[in-house]
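# Reading the structure
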Amino acid sequence: MQVIFNPLKSIPNVNKYQDNSNKNKTYLQTKPDVVSFSARDFLSLPEDVIFERIIKSVNNPENLIGTGSSAEVYKIENTSYCVRIPYDEETKKDEYYMINCCSDFNLNVLDKDKVNHVVARLGGGATIMKKINGSPVLDIKTNAEGAIKSAIKVSKLPLSAYCDLLHQIADAYKQDMVFDAYGTNVIADTQNLVAIDFNKMNPRYKEPLKPLISMYESLVCVSEVPTKVENTIIKKILKAALKEVEPGQKPCVELDELDTLDFISWIYRFKKIDEEQFENLWDSFNDVRNYKSVELAGLNSEPVLARKIAETSKLVDEIF
């Protein structure tokens, strides 16, 4: 394994999903001559060594970091990668299937693979992905109590985590990739929310973008989530939408694709708000949308837009 000595330098912030207020920041690397083992080292090893490491990792139950309806994900020991192994109950991790997974190794990944954090493809539909810190919002083996604890954790995340998730869903949609909105497909740590499962859009049917509804469906996974916790998540989703229409800000999606009004109607239909709250929210967000449309058309509406956003944010605080 190659040893890299990192010189003292400033590293630009290259996270394209980060809040705009941070996009010009740099982070000073203050420890010169520190030994670091680059994640790329693993991918540059001989294929038989890579396959051996994968098989060893998958055969250790302690490396299991995620379980979905059609795949399991294992961390690859001593690397910053994980491997996603598709399965069904008959072939799950049997010897023949693992040999099939390790029959191919391809670093030429497509744009749709990159959206799903894939860095290499294996045989049998298996993939090597960047390992993302945190844990799934929902594990299919988790009971309601575990799902409630996860929702409480999500509700405490900063607003920037919700903004980043919104941007990730929107940016993928621009590449004709649709987020599979389910709790197993969002990884949460103490500061971030990261979506990990996007599907190629059917070319015969352009599925409408519903980012706010998708966020709610993937973050509130069981009906037993306490109302206070659920309301906090709803509030942060709505405030993430407001961040997109601030004066001078170019929204991450077209205004007609930012489903704020649909989301408000949706939470009303499921009795999360009463009729008066629904009407107040709908009218206020619609006014914000109209003023933002005026601004995007090149006319000066910044003062009234800023005032209306402040009023709407206060209304959201009062309701939730």
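Residues numbered from 1 in each chain as written. Predicted model: local features only at pLDDT ≥ 70, side-chain atom pairs only at ≥ 80, totals over all residues. Heavy atoms only, no water.

### Details of the sheet that holds strand β11 (residues 135-136)
Pairing in this open sheet of 3 strands is antiparallel, and the strands run β11-β13-β14 from one edge to the other. Edge positions in the sheet fall to β11 and β14 (193-195), since each has one partner strand and no second. As defined by bridge partners, strand β13 (residues 186-188) adjoins β14 across 3 bridges and the pair is classed as antiparallel. Residue Ala188 lies in a different strand from β14, and its bridge partner there is Leu193. (Pairing = 2+ DSSP bridges. Helix = DSSP H or I, 4+ residues; strand = E, 2+ residues; numbered from the N terminus.)

### Regarding helix α10 (residues 275-296)
Structurally, the α-helix is built with 3.6 residues per turn, so residues lying three or four positions apart point the same way. Counted at 1.5 Å a residue, the expected span for α10 with its 22 residues is 32 Å, and the 31 Å between its end C-alpha atoms agrees. Of all the residues in α10, the buried ones are Phe278, Leu281, Ser284, Phe285, Asn286, Val288, Lys292 and Glu295. Looking at the residues trailing α10, positive phi occurs at Gly298, about 100°. (Expected span 1.5 Å × (residues − 1). Buried < 20%, exposed > 50% of the residue type's maximum accessible area, 1.4 Å probe, protein only.)

### Comments concerning the environment of Ala172
Tracing the backbone shows Ala172 in helix α6 (residues 159-173). By relative accessible area, which is 3% here, Ala172 ends up buried. Here the alpha-carbon distance between Ala172 and Val115, two residues 57 residues apart in the chain, equals 6.5 Å. Setting aside residues no more than four positions away along its own chain, Ala172 makes contact with Val115, Met177 and Phe198. (Contact = heavy atoms within 4.5 Å.)

### Here we look at the nonpolar core
Buried together is how nonpolar side chains tend to be arranged in soluble globular proteins. Tyr162, Leu193, Leu219, Ile233, Phe263, Leu281 and Phe320 are the most contacted members of the largest nonpolar core, which totals 65 residues. Among the elements that line this core, the one with the most residues is α6, at 9 residues. Not counting residues up to four positions away in its chain, the partners in contact with Leu193 are Val154, Leu157, Ala161, Tyr162, Leu165, Gln168, Val186, Ile187, Ala188 and Leu219. Ile50, Val58, Val83 and Ile85 belong to the second-largest nonpolar core, a separate cluster that totals 20 residues. (Core = buried A, V, L, I, M, F, W, Y, C linked by side-chain atoms within 4.5 Å.)

### So, the pairing of strand β9 (residues 118-122)
With 4 of 5 residues buried, β9 lies mostly within the body of the structure. Here 3 bridges tie β9 to strand β10 (residues 127-130), and the two strands are oriented antiparallel to one another. Within β10, the position partnered with Arg121 by the bridge is Thr127. Connecting the antiparallel pair β9 and β10 is a turn made up of 4 residues, with Gly124 showing a positive phi of about 65°.

### Some words on unusual backbone geometry
Phi is positive for His117, close to 70°, though the residue is something other than glycine. Turning to its location among the elements, His117 is positioned in the loop between α4 (111-115) and β9. The phi torsion at Asp176 lies on the positive side, around 60°, for a residue other than glycine. Structurally, the position occupied by Asp176 is in the loop between α6 and β12 (177-179).

### Quick word on the pattern of salt bridges
For side chains of opposite charge, pairing can occur when their charged atoms come near one another. Per the stated rule, a full pass over the model turns up 11 salt bridges. For Glu145, the salt bridge identified is with Lys149, shortest N-O distance 3.8 Å. Taken together, the positions of Glu145 and Lys149, both in helix α5 (residues 144-155) and 4 residues apart, correspond to about one turn of that helix. Each member of the pair, Glu145 as well as Lys149, carries the same accessibility label: exposed. A network of salt bridges, in which partner residues are shared, links Asp287, Lys308 and Glu311. (Salt bridge = Lys/Arg side-chain N within 4 Å of Asp/Glu carboxyl O.)

### Remarks on the packing of aromatic side chains
Counted under the stated rule, the structure contains 7 aromatic pairs. Relative to Tyr81, the ring of Phe42 has its centre 6.2 Å away and its plane inclined at 40°; by these criteria the two rings are tilted. Residue Phe42 is located in helix α1 (residues 40-43), and its partner Tyr81 is located in strand β7 (residues 81-86); the two are separated by 39 residues in the primary sequence. Overall, Phe42 belongs to the buried group, its relative accessible area being 2%. Three or more aromatic residues joined by ring pairs make a cluster, and in this case those are Tyr216, Phe263, Trp266 and Phe270. (Phe/Tyr/Trp six-rings, centres within 6.5 Å; stacked < 30°, edge-to-face > 60°.)

### Describing the sheet that holds β9
Spatial strand order, β5-β6-β7-β10-β9-β8: 6 strands in an open sheet with antiparallel pairing. A strand with exactly one partner marks an edge of an open sheet, and here the two such strands are β5 (64-67) and β8 (105-106).

### Description of helix α7 (residues 211-219)
The buried fraction of α7 is high, at 8 of 9 residues. Listed in full, the buried residues belonging to α7 are Pro211, Leu212, Ile213, Ser214, Met215, Tyr216, Ser218 and Leu219.

### Some words on the confidence of the model for the protein
The predicted model of the protein has a mean per-residue pLDDT of 85, with 84% of residues at 70 or higher. Here residues 1-40 is modelled with pLDDT under 50, and outside its nearest four sequence neighbours on either side it reaches 53 contacts, counting other chains as well. (pLDDT = per-residue confidence, 0-100.)

### Thoughts on a negative patch on the surface
On the surface, a cluster of negative charge is contributed by Asp274, Glu275, Glu276, Glu279 and Asp283. Along the polypeptide, Asp274 turns up in the loop between α9 (260-269) and α10. By relative accessible area, which is 40% here, Asp274 ends up partly exposed. (Patch = residues over 30% accessible without salt bridge, like charges linked within 9 Å, V, L, I, M, F, W, Y side chains within 5 Å. Areas by Shrake-Rupley, 256 points an atom, 1.4 Å probe, with all protein chains shown as cover. Lys, Arg positive; Asp, Glu negative; His and termini not counted. Charge placed at Lys NZ, Arg CZ, Asp CG, Glu CD.)

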